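This is what each chain is made of:
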Amino acid sequence: MLRVGLPRALLYHKYHVLWTTFLHECGFGTVVSPPTNRRILERGVALAVDESCLSMKVFLGHADALTGRCDVLFVPRHESYERGEQLCVKFMATYDIVRNTLPDLSLITYNVDVHRGVDERRSMIAMARSLGVRAGVARRAHAHAVTAHHAHEVELARLQQSVAEAPRQGELRVLVVGHSYNLSDRLIGEPILAYLRALDVEVFTSDEVDKAAARRTASAISPTMKWRYNKELLGAVDLYRGLVDGIVFVVTFPCGPDSLMSEFCSRRVTGIPMTTLVLDELFGEAGVRTRLESFVDVVRERRRREQLKDVNP
Ligand code: SF4
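Here is what the cut-offs are and how they apply
- All residue numbers refer to positions counted from 1 along the written sequence of the respective chain.
- Reporting of local features is limited, given that this is a predicted model, to residues whose pLDDT is at least 70; pairs of side-chain atoms are given and counted only at 80 or more, and all residues count toward the totals for whole chains, interfaces and linings.
- The way it works is that DSSP assigns letters per residue, a run of H or I at least four long becomes a helix, a run of E at least two long becomes a strand, and they are numbered from the N terminus.
- Radius of gyration here is computed from C-alpha atoms only, and the compact-globule reference equals 2.2 Å multiplied by the residue count raised to the power 0.38.
- Residue pairs qualify as contacts under a 7 Å threshold applied to their C-beta atoms, which are placed from the backbone.
- Where each domain starts and ends follows an automatic or database-derived domain assignment.
- Three classes are used, and their members are as follows: Ala, Val, Leu, Ile, Met, Phe, Trp, Tyr, Cys and Pro are nonpolar, Asp, Glu, Lys and Arg are charged, and the others, Gly among them, are polar.
- The C-beta atom of each residue is placed using the backbone, and any residue whose C-beta lies within 6 Å of a molecule or strand is treated as near it.
- Think of it this way: DSSP has to see at least two bridges between two strands before they count as a pair.
- Only the stretch in contact is used when fitting a helix axis, every axis being a line fitted to C-alpha atoms; angles between N-to-C directions are given from 0 to 180 degrees.
- To get the bend at a residue, fit one axis to the 7 residues ending there and another to the 7 starting there, then take the angle between the axes.

Caption draft 1: Expanded view of the overall build of the protein. A count of helical and extended segments in the protein gives 12 helices and 10 strands. Taking 20 Å as the expected radius of gyration for a compact globule of 313 residues, we find that the protein reaches 20 Å, a close match to that expectation. Seen through its principal axes, the protein has C-alpha atoms that stretch 75 × 40 × 35 Å. Partitioning the contacts of the protein with sequence separation of at least 6, the portion at a separation of at least 24 is 71%.

Caption draft 2: How the structure looks around the domain arrangement of the protein. According to the domain assignment, the protein consists of domain 1 (3-148) and domain 2 (167-311). For domain 1 versus domain 2, the separation of C-alpha centres amounts to 27 Å. In this complex, domain 1 contributes 19 residues to the contact, which on the side of domain 2 involves 19 residues. Of all the secondary structure elements, the ones that give two or more residues to the side of domain 1 that touches domain 2 are α1 (12-25), α2 (38-47) and α3 (54-65). No other element matches α3, which puts four residues into the side of domain 1 that touches domain 2. In the side of domain 1 that touches domain 2, the residues fall into 12 nonpolar, four polar and three charged.

Caption draft 3: Highlighting unusual backbone geometry. Omega for the peptide link from Phe253 to Pro254 comes to -10°, which places this bond in the cis form. Along the chain, Pro254 falls in the loop between β9 (246-252) and α11 (256-268). Of note, Leu10 is a non-glycine position whose phi angle comes to about 40°, a positive value. By the element assignment, Leu10 lies in the loop between β1 (3-6) and α1. The phi angle at Asp200 is positive, at roughly 65°, despite the residue not being glycine. Tracing the chain through its elements places Asp200 in the loop between α8 (190-198) and β8 (201-205).

Caption draft 4: Up close: the site of the ligand. The local shell around the ligand consists of Cys53, Ser55, Met56, Cys88, Lys90, His179, Thr252, Cys255, Pro257 and Asp258. Taken together, the elements giving at least two residues each to the shell around the ligand come down to α3 and α11. Of the residues belonging to the shell around the ligand, the class tally is five nonpolar, three polar and two charged. Two domains each put at least three residues into the shell around the ligand: domain 1 (3-148) and domain 2 (167-311).

Caption draft 5: Examining the sheet that holds strand β2 (residues 29-32) more closely. Within the open sheet, the four strands sit side by side as β2-β1-β3-β5. Their pairing is parallel. Strand pairing shows two members of the sheet lacking a second neighbour, β2 and β5 (107-108), which therefore form its edges. Bridge analysis of β1 against β2 gives four bridges, and the strand direction is parallel. Counterpart to Leu6 in the pairing with β2 is Val32.

Caption draft 6: The arrangement of the sheet that holds strand β7 (residues 172-177) in detail. The four strands lie next to each other as β8-β7-β9-β10, forming an open sheet whose pairing is parallel. Of all the strands in the sheet, the pair left with one neighbour each is β8 and β10 (274-279). Averaged over neighbouring strand pairs, the angle between their axes works out to 25° when direction is ignored. Bridge count between β9 and β10: six bridges; the pairing is parallel. In the strand pairing of β10, Val250 is matched with Leu277.

Caption draft 7: Geometry of α1. The principal kink in α1, of about 35°, is found at Leu18. Looking at the buried side of α1, the elements it contacts are β1, β2, β3 (72-74), α5 (120-130), α6 (135-165) and α7 (180-183).

Caption draft 8: Quick peek at the environment of Asp210. Tracing the sequence through the fold places Asp210 in the loop between β8 and α9 (211-217). For the pair Asp210 and Leu156, spaced 54 residues apart in sequence, the C-alpha to C-alpha distance is 8.3 Å.

Right, here's the structure in full:
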């Protein structure tokens, strides 16, 4: 059985259900790299050019960690899902970056670029066919994978929404806004979410918001934003700003789309405290904790004053 390696980074965190369901139903085995650790990060930093964002460095570390553990490495190339939208240039380049950085690895890929008439379904089926999978099997695998992926996304959004509409569990509520590959990363996002919870904060994330609704509502903040995944983050801010007491942006250095997005929000979303954590490979946990503690103090004080105003208007 062909063993397909999946780096646990970048779009794996968004599409793991789609990809693993599809690959398994096509008859392949999958090997996923371990959660990010310091060794993986250091290896990624050593392999990447300095200008890469931290998230891409992490991806290269994961690709390298799969060397010798799989027969082929799965590295899709994503450009656009809908007309008028674009993905960050890194997703267009990931395949070529890995091919040039780790030339000894065998890669498989599929493209998504609706502007050139290449959609996800056709492209994934073509990839499977090139590996010897029968057309009917590949078509069925794709249909099942899409169903499983949507069910997973809908369930995540439903669960978070039901908590948001229920009475508060913690003293404060904070929305953490960042790409799934940053928020779900063991070294980057997970410690931030865990520390906020340790400060008695009820945490919501942009990753568990209805993505289609978020993309539609993003134009309320920026009608011209083109990057699909940043539209989802902007939309999450719009959908949740009335339900939380503060917003934390998690950005990896030097990410252009995210810097622009957090700047947009700081200018156009008013009446709610916001802070931005920009992380690079040198970030220290103590510094991040101090920033979060200060932010939570500000949010808590603001909420206390609002509650006093409600009692003594
Ligand atoms: S959106 Fe930002 S963090 Fe994500 S891949 Fe592009 S540059 Fe990196």
